[in-house]
Amino acid sequence: MIDGQTLQEMLIGAAAVVEKHKQQINELNVFPVPDGDTGTNMSLTLNTAAAELRKLRGATLTKVADTAASAMLRGARGNSGVILSLLLRGISKSLKGMEGCDGAQFALALQSGVAAAYKAVMKPTEGTILTVARVSAEDATAAAEADSSFESVLAAAYDSATDALALTVHQNPVLEKAGVVDAGGKGWVYVLEAMLAVCRGEKIEAASSAAAVKDQADFTDFDTEDITFAYDTVFIVRKAKEDIDLSPLRRYLDTIGDSIVIGEDDEAFKVHVHTNIPGAALMRAQKYGTLELAKIENMQMQHDDLAAGRKARSTDDLEEDEEEAPKSVAAPEKKYGVVAVCAGQGLADVFRELGADNIIEGGQTMNPSTQDILEKINATPSEVVFVFPNNKNIIMAAEQTVPLTEKKVVVIPSKTVPQGISALLMFDPDANEEDIVATMKMAMQHVTTIQVTYAARDSDFDGHDIHAGEYLALYGSSLFGSDTNVESLLAGLADKLKAEGSEFITVYYGADISEAQASAAAAIFTDRCPDAEVSVINGGQPVYYYLISAESQ
């Protein structure tokens, strides 16, 4: 029988063991593509829980399990990390209300964890961590019938997992081709080994390799043509309400990608998917709540790096760079400075040309944190820093920086990129602060922003019958309409701008639009608005095919 303290020590021990062996796990990783980060993902996931567990004192079994499960959901990374968090979430639910747990109860908890993990994975594949966990849970249940002591059942689970892991090399064609066992399964064996060692009061040691397999996969055996979906996409969404059915989201993601895993608790859910259109996955998920965090990595580039013997590029590298970067506040070299938020190299270039000192990459589906904004403010060499959020969902985060820095921060409440550009065009560094702010805010009032994107789902909104995949236009804050033909939609927008008397129209085209398509779009506005001055600029923004700024004097 174990109590909360023992479970707490077991999970902290598991985090330590996986951390110690994360590189070995990384080198085994080949499924579904050789992105080489399974060990790192599992280690970060477990360490998120360990950090929270170390804060507990005298906690009950239920409290320990709940704390670990909640922390792991938010800290989970990658497919393996999400599955690991799901296993613990199922265990946590099974242990709820218990003061102690014997072997038979723990075996049932393992079964519950496996069921939760299988339920969340769209297309479970044999020869993965799911297989290793399932077999270990089944054998633990069988062992509990003969001896229900906790140590005996956990030992059976560990032995079974070790045997199941050795078989994974033959259960999956990708693993067999590489001659390695499943990386996630290996991580789960380490988790069970650590828990068993703590249970026995033993010193935790590294697991020995039971299978005659390679120490590292040969990544040159794989061709990037085998990677159907290039972007490894992971994100967390805070639920709009507790009882949300995520099965429609799972079905949608299955139409645009694979390797789908969705984990959830009462407050949030986490998605892992491989897809070629990560923006579509993010937009569809926002039907169910508010996007909190997102990570997108190009697996084809990671494959090429590994095949060439280089370290695979990862968003973890960005975090390391940020940690290593100096956090000091830049000394003022001028009175005023500017920080702007936008997504797309072309838009970033526009803001820089207008005088922005620092750019924060972000916007729709990519909201930067207060910390992200604060770091750019502190890096700006001025006494006063004007911040342009350029998105209504970023304004509050920007405002939170005001008391956190010695610099004076003035947030210009721009809700769109065109508003931000128009405001910055009016920036006069020789004027006083009050006049600058007043002039900028007035400039924003004279800008109409049009956003052309795609409909992520079927809906009936404000009298418009919208179908998934159609081009969709927002005129200001209102829905203009949707159409299967983007030229027809643009023509309707041009007619409206003509009726409104727009004199200056700027078309910023996105990353998915060619120069020829952008020229054709601009021609529509030129033909239908003959009295307006029409400009076209490569914005390079994701999600939105076109951002259109319309102004009149």
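If you're wondering where the values come from, they're calculated on a predicted model, not measured in any experiment.

Caption draft 1: Fine view of the overall build of the chain. A count of helices and strands for the chain gives 21 helices and 16 strands. In the chain, which comprises 553 residues, the share counted as buried stands at 53%. Here the contacts in the chain between residues at least 6 apart in sequence split such that 70% fall between residues at least 24 apart. Carbon and sulfur atoms form 48% of the exposed surface of the chain, whose accessible area is close to 24300 Å².

Caption draft 2: Spotlight on the packing of helix α6 (residues 103–120) against helix α7 (residues 129–146). Relative orientation of the contacting elements α6 and α7 amounts to 155 degrees, with a least axis distance of 8 Å. For the element pair α6 / α7, the angle class is roughly antiparallel. Two packed elements cross with a definite hand, and for α6 against α7 that hand is left-handed. Seen from α6, the contacting residues are Gly103, Ala104, Ala107, Leu110, Gln111, Val114, Ala117 and Tyr118; seen from α7, they are Leu130, Thr131, Ala133, Arg134, Ala137, Glu138, Ala140, Thr141 and Ala144.

Caption draft 3: Up close: the nonpolar core. Membership of the largest hydrophobic core comes to 74 residues, with the highest contact counts inside it found for Phe386, Val452, Leu490 and Tyr546. Ranked by the residues each element gives to this core, the list is headed by helix α20 (residues 486–500), at 7 residues. Listed in part, the 71 residues of the second largest apolar core include Leu11, Ala50, Val114 and Leu130.

Caption draft 4: Structural detail: the packing of aromatic side chains. Using the criterion set out here, one finds 8 aromatic pairs in the structure. Ring geometry for Tyr336 versus Phe427: centroids 6.2 Å apart, planes at 80 degrees, classification edge-to-face. Pair noted here: Tyr336 is in strand β5 (residues 334–342) and Phe427 is in the loop between α18 (417–425) and α19 (433–445), with a separation of 91 residues, a long-range link. Since its relative accessible area comes to 18%, Phe427 is described here as buried. By the ring-pair criterion, three or more aromatic residues cluster together here, those being Tyr336, Phe386 and Phe427. A cation over a ring is seen here: Lys496 above Tyr475, with NZ or CZ 4.8 Å from the ring centre.

Caption draft 5: Summary view of the confidence of the model for the chain. With 85% of its residues at a pLDDT of 70 or more, the chain shows a mean pLDDT of 84. The element-level mean pLDDT for the chain is lowest in helix α14 (residues 315–324), coming to 51, with strand β7 (residues 382–388) highest at 97. Note on residues 206–222: pLDDT is under 50 here. Beyond four places in sequence and across chains, it has 39 contacts. For residues 320–326, every residue scores under 50 in pLDDT, and the model assigns this stretch 1 contact once sequence neighbours within four places are set aside.

The rules behind the values
- Throughout this document, residue positions are counted from 1 along each chain, in the order its sequence is written.
- For a predicted model such as this one, the threshold for reporting local features is a pLDDT of at least 70, and the threshold for listing and counting side-chain atom pairs is 80 or more; totals across whole chains, interfaces and linings nevertheless cover every residue.
- Water and hydrogen atoms were dropped before computing side-chain values, which therefore reflect all heavy atoms in the structure.
- Under the scheme used here, helices are H or I runs from DSSP no shorter than 4 residues and strands are E runs no shorter than 2 residues, and both carry numbers assigned from the N terminus.
- Residue burial is assigned from relative accessible area. The probe radius is 1.4 Å, only protein chains are included, and a residue is buried under 20% of its type maximum, exposed over 50%, and partly exposed in between.
- Should any heavy atoms of two residues lie within 4.5 Å, those residues are considered in contact.
- Note on areas: Shrake-Rupley with a 1.4 Å probe; residue coverage comes only from the protein chains shown.
- Axis definition: a line fitted to C-alpha atoms, over the contacting stretch in the case of helices. Angles run 0 to 180 degrees between N-to-C directions.
- When describing relative orientation, an angle under 35 degrees is termed roughly parallel and one over 145 degrees roughly antiparallel, while 65 to 115 degrees is termed roughly perpendicular and anything else oblique.
- Rotating anticlockwise by less than a right angle from the far helix to the near helix defines a left-handed crossing, while the corresponding clockwise rotation defines a right-handed one.
- Grouping buried Ala, Val, Leu, Ile, Met, Phe, Trp, Tyr and Cys residues that are joined through side-chain atoms within 4.5 Å yields what is termed a nonpolar core.
- Working definition: rings of Phe, Tyr and Trp (its six-membered ring) pair if their centres are within 6.5 Å, and the pair is stacked with planes under 30 degrees apart, edge-to-face with planes over 60 apart, and tilted otherwise.
- Over a ring means this: the NZ of a Lys or the CZ of an Arg is within 6 Å of the ring centre and within 35 degrees of the ring normal.
- Each residue carries a pLDDT score, the predictor's confidence in it, ranging from 0 to 100.

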